[in-house]
Amino acid sequence: MLAVLYADWCQFLRKLPQYLLAFAAVIIIVGAGAVFGGDDVDIAQVTITNLQIQISLTICFMVVYILLTGAFRDDEANSWQQARDALPLTRAQVVTGRYAFVFAAIITVTVVCVLLNGLLVLAIQQFDIDALENMAEVGPVLVATALMLLVLLSFQMPVLFWWGAQRGWFVLTLPALLPLLMTFNAVKQGFLLAVETLSKLYVQLGMGWSLVAAALLVGLLYFASLKLSQRLYAKRDL
Amino acid sequence: MSMKAYVGTGAQSAAHFAKKSLDMDNKLPLGSLDLSGEICDLRLRGIGKSYGEFALQSVSLDVPRGSIVGLVGRNGAGKTTLMKIALGCVKSDSGSVELFGKTRDNLSGTELTALKARIGYVSSVCAYPLQMSVAQVATMYSLAYPKLDYQLLENLLERMGLLKSNPKPHRSYAARKKVGELSRGMGMKLQLACVLACGADLLVMDEPTAGLDPIVRDEVLDILRECMGDGTKSILISSHITSDLEHIADYIVMLEEGKIAFASDCDRIYDEMGVAHLRGEELEHLLASGYIPAGQIRIVKRDFSWDVLVPNRAQFERNFPNFAIDKATIDETMTLVAKGELR
């Protein structure tokens, strides 16, 4: 399994400069849009939390979309998936490797977003905004986003392992569509409500028990998705 | 190839041949091969697989230990599908795959992994992720194959010009070159180096010489010959370039429309079989003689003659001393089997 994890990692590394460029573009575009886009916006009045959430969400969704699309498309390019199938690995190990890689990628992106937000907090202190309070709001949102991405992937990956990226292209568009959907007020409110509920649970249960419970549920779903993918991939002709 | 001088006499009658007592043998029929008694690293039995209109129909094939089996056939005959079934990339609808004496379907995950570690696959294209570098491919192989000889891999890559001699070979320009930047020949050499260094006992090679220039093709064939030196490795190789197979293959199996149309050991093709070049009346004489049983004579019409596949050249020459006959080649045999009219 290490071999396929390593192959995925190498491909990720090769594309890292593109990712970083895309992140920078997102931060600049979303940030500039928020600060200069509105008529009544004063820099001191910008809802920094919303800005952070917007940027973080966009980055997370972009990463998952690019990563997943790239990984599954690369499998099909150049007969790599046939050659990979000839390596001393079972198909179950190939699927487990990909799930582990994607999981690690989401965790990494979440950590990177937290770090970016930390930097932002340092930056916004000059506007006399309570930075620590701000981080307390953004933190659960980022964790919730990571969990939501895992839920999304749990539905996407079985289709991709079953049909491949060429036939199952439509599931790849799902994360790209979600930020768009977030522009609809109802969807956005629903998401914020979920985050608010999570925040309340967080406050009530203390020490993140609510997040632990949510993470457990998502973990179960991800595991079930892994098992389903293993079964579907085992039947697929490459 | 030297064409024998033609001294045929058209005046000889069919009756003359019919009367003549013919020297005939009772060997295996033309194009059949029985390797069931051999120790085989790969054994396919009754493989069936259908994709829409195409179907592999009960194909059986053996790759005896220490031998090279060449798989030939037209595009779409089913060669790649058969190889994919052997590797497990495609599930067959019927039949069984035996790897090193063990039936694949009965293996546990651990057993299957252990057996797959003894198989090396070489694709017709350099089938590694395009973004990976040569050094990264080498590292990936070392992670996948427990028996990989890293020193041998480096030596092979260096010999093939993929990893220039350097105190820090993994930092060299060649090692950092991406798979996508390699030429076709270099890509093929990279695959070969990897499968040879991983200690594979069975190599499955899907058109490894396709698209290579003659010099690189020779290098690839030389490496294959070397790796077969100790007689412990086996190779299943498909190719359109039959002259390559003539140099290295021990057995030839020809697929035609999903079925095995012809199988033979190469020595039999070169030493025993022949292609007779007959004029019209000579062909009639041959047919009338009953030398080759009716329904088993394969004939192709040429501009001025008929080519006939002959199972035993020496015997044919004894029976028909005035007829022109040449040694058979894989190419001619393929043409006669695939396009020949059966009479």
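Structure shown above.
Here's a quick rundown of the structure. (Residues numbered from 1 in each chain as written. Chains lettered and ligands numbered in written order. Predicted model: local features only at pLDDT ≥ 70, side-chain atom pairs only at ≥ 80, totals over all residues. Heavy atoms only, no water.)

Before going further, it helps to examine the overall build of chain B. For chain B, the helix and strand inventory stands at 13 helices and 15 strands. Of the contacts made within chain B by residues no fewer than 6 positions apart, 75% connect residues no fewer than 24 positions apart. (Helix = DSSP H or I, 4+ residues; strand = E, 2+ residues; numbered from the N terminus. Contact = heavy atoms within 4.5 Å.)

Let us look at the overall build of chain A. Along chain A, the regular secondary structure elements total nine helices and zero strands. Its helices and strands in sequence order give chain A the pattern α-α-α-α-α-α-α-α-α, from N to C terminus. Of all 238 residues assigned to chain A, the portion counted as buried reaches 45%. The contacts of chain A with a sequence gap of at least 6 include a subset with a gap of at least 24, amounting to 78%. Surface exposure of chain A reaches about 11,900 Å², of which carbon and sulfur atoms provide 71%. (Buried < 20%, exposed > 50% of the residue type's maximum accessible area, 1.4 Å probe, protein only. Areas by Shrake-Rupley, 256 points an atom, 1.4 Å probe, with all protein chains shown as cover.)

Membership of the largest hydrophobic core comes to 151 residues, with the highest contact counts inside it found for Y128(B), Y141(B), L190(B) and L224(B). Residue contributions to this core peak at 13 residues, all from helix α5 (residues 131-167) of chain A. Apart from the residues lying within four places of it in its own chain, the contact partners of L190(B) are C126(B), Y128(B), V134(B), V137(B), L157(B), L162(B), V179(B) and L182(B). I292(B), I299(B), F316(B) and F320(B) belong to the second-largest nonpolar core, a separate cluster that totals 15 residues. (Core = buried A, V, L, I, M, F, W, Y, C linked by side-chain atoms within 4.5 Å.)

Summed over the entire model, instances satisfying the criterion amount to 18 salt bridges over all chains. With a shortest N-O distance of 2.7 Å, D62(B) and R43(B) are connected by a salt bridge. One end of the pair, D62(B), is in strand β2 (residues 54-64); the other, R43(B), is in strand β1 (residues 40-51), and 19 residues separate them in sequence. For D62(B), a relative accessible area of 11% gives the class buried. For R45(B), the salt bridge identified is with D62(B), shortest N-O distance 2.9 Å. Taken together, the residues R45(B) in strand β1 and D62(B) in strand β2 connect sequence positions 17 residues apart. Relative accessible area serves as the criterion here: at 29%, R45(B) is assigned to the partly exposed category. Beyond isolated ion pairs, a larger network of salt bridges with shared partners links D8(A), D75(A), R84(A) and R98(A). (Salt bridge = Lys/Arg side-chain N within 4 Å of Asp/Glu carboxyl O.)

So, about the sheet that holds β1(B). Residues and elements named next belong to chain B. Overall, antiparallel pairing links the four strands, which are arranged β2-β1-β4-β5 in an open sheet. Each edge of the open sheet is held by one strand with a lone partner, namely β2 and β5 (102-103). Here helix α2 (residues 79-87) sits on the sheet and contacts β1, β2 and β4 (94-99); the angle it forms with β1, its principal contact strand, is near 120 degrees. (Pairing = 2+ DSSP bridges. Axes fitted to C-alpha atoms, helices over the stretch in contact; angles between N-to-C directions.)

We now examine the interface of chain B and chain A. With 34 residues of chain B in contact, the opposing surface of chain A contributes 24 residues. Of the roughly 2,600 Å² buried between chain B and chain A, counting both surfaces, carbon and sulfur atoms make up 62%. The largest per-residue losses of area from chain B upon contact with chain A belong to C89(B), K116(B) and Q131(B), which jointly make up 22% of the total buried on that side. On inspection of chain B and its partner chain A, the count reaches one salt bridge. (Buried area = accessible area lost by both parts, 1.4 Å probe.)

The next point concerns empty space enclosed by the protein. Taking a probe equal in size to a water molecule and rolling it over the atoms shows the remaining empty space. Residue and element names in this part refer to chain A. Inspection of every chain in the model, using the stated rule, returns three cavities of 30 Å³ or more. Around the largest cavity, the lining residues are D8, Q11, F12, K15, Y19, I66, L67, G70, A71, D74 and F101. Elements supplying a minimum of two residues to the lining of the largest cavity: α1 (2-36) and α2 (48-76). Residues belonging to the lining of the largest cavity are distributed by class as follows: six nonpolar, two polar and three charged. Its volume calculated, the second largest cavity comes out at about 50 Å³. Around the second largest cavity sit V4, L5, A7, D8, W80, R84, V94, G97 and R98, which together line it. (1 Å grid on protein atoms, 1.4 Å probe; cavity = no way out; pocket = protein on both sides within 12 Å on 5 of 7 lines; lining within 4 Å. Points joined across faces, edges and corners; volume = space filled by probe spheres on them. Nonpolar A, V, L, I, M, F, W, Y, C, P; charged D, E, K, R; others polar.)

Now for the layout of surface pockets. Its boundaries defined by the atoms lining it, the largest pocket holds a volume of some 470 Å³. Taken together, 23 residues make up the lining of the largest pocket; nearest its centre are G88(B), K91(B), R104(B), D105(B) and L112(B). Mapped by element, the contributors of at least two residues to the lining of the largest pocket are α4 (91-124) and α9 (209-235) of chain A together with α2, β4 and α3 (109-116) of chain B. The residue makeup of the lining of the largest pocket, split by class, is nine nonpolar, eight polar and six charged.

With that out of the way, let us pick up the packing of helix α7 (residues 184-197) of chain B against helix α8 (residues 214-227) of chain B. Residue and element names in this part refer to chain B. Two elements in contact, α7 and α8, have axes separated by 10 Å at closest approach and are oriented at 5 degrees. Classified by the angle their axes make, α7 and α8 are roughly parallel. Contact with α7, carried on its side by G185, M188, K189, L192 and L196, involves V216, E219, V220, I223, L224 and C227 of α8 and no other residues of that element. (Parallel < 35°, antiparallel > 145°, perpendicular 65-115°, else oblique.)

Let us look at the sheet that holds strand β3 (residues 68-73) of chain B. Paired through their backbone hydrogen bonds, the strands of a sheet run either parallel or antiparallel. Residues and elements named next belong to chain B. If you trace the six strands from one edge of the open sheet to the other, you get β6-β7-β8-β3-β9-β10, paired in mixed fashion. Edge positions in the sheet fall to β6 (119-122) and β10 (259-265), since each has one partner strand and no second. Strand after strand, the sheet turns through a mean of 15 degrees between neighbouring axes, direction not considered. Summarising the sheet, β3 and strand β9 (residues 251-256) pair through five bridges and their orientation is parallel. Note that in β9 the partner of G70 across the bridge is I252.

Here we come to the packing of aromatic side chains. Counted according to the given criterion, the structure contains 15 aromatic pairs over all chains. Members of the aromatic cluster, connected to one another through ring pairs, are F72(A), Y99(A), F103(A), F161(A), Y222(A) and Y233(A). Against the face of F72(A) rests R98(A), its NZ or CZ located 4.8 Å from the ring centre. Directly above the aromatic system of F100(B) lies the positively charged group of R118(B), at a separation of 3.8 Å from the ring centroid. (Phe/Tyr/Trp six-rings, centres within 6.5 Å; stacked < 30°, edge-to-face > 60°. Lys NZ or Arg CZ within 6 Å of the ring centre and 35° of its normal.)

Positive phi values are uncommon outside glycine, yet S58(B) reaches one of about 45 degrees. In this model, F100(B) sits at a positive phi of 50 degrees, which is unusual for a non-glycine residue.

Residue and element names in this part refer to chain B. Of all five residues in strand β8 (residues 234-238), five are buried, a share of seventy percent or more. Residue alternation in β8 divides its side chains into two sets, S234, L236 and S238 and I235 and I237, and both sets are buried. When β3 meets β8, the two strands line up parallel, connected through four bridges. Counterpart to L71 in the pairing with β8 is S238. Direction of pairing for strand β7 (residues 202-206) relative to β8: parallel, over a ladder of five bridges. By the bridge assignment for β8, D206 is matched with S238. Between the parallel elements β7 and β8, the chain passes through α8 in a crossover that is right-handed. (Right-handed = clockwise from strand over helix to strand, strands pointing away.)

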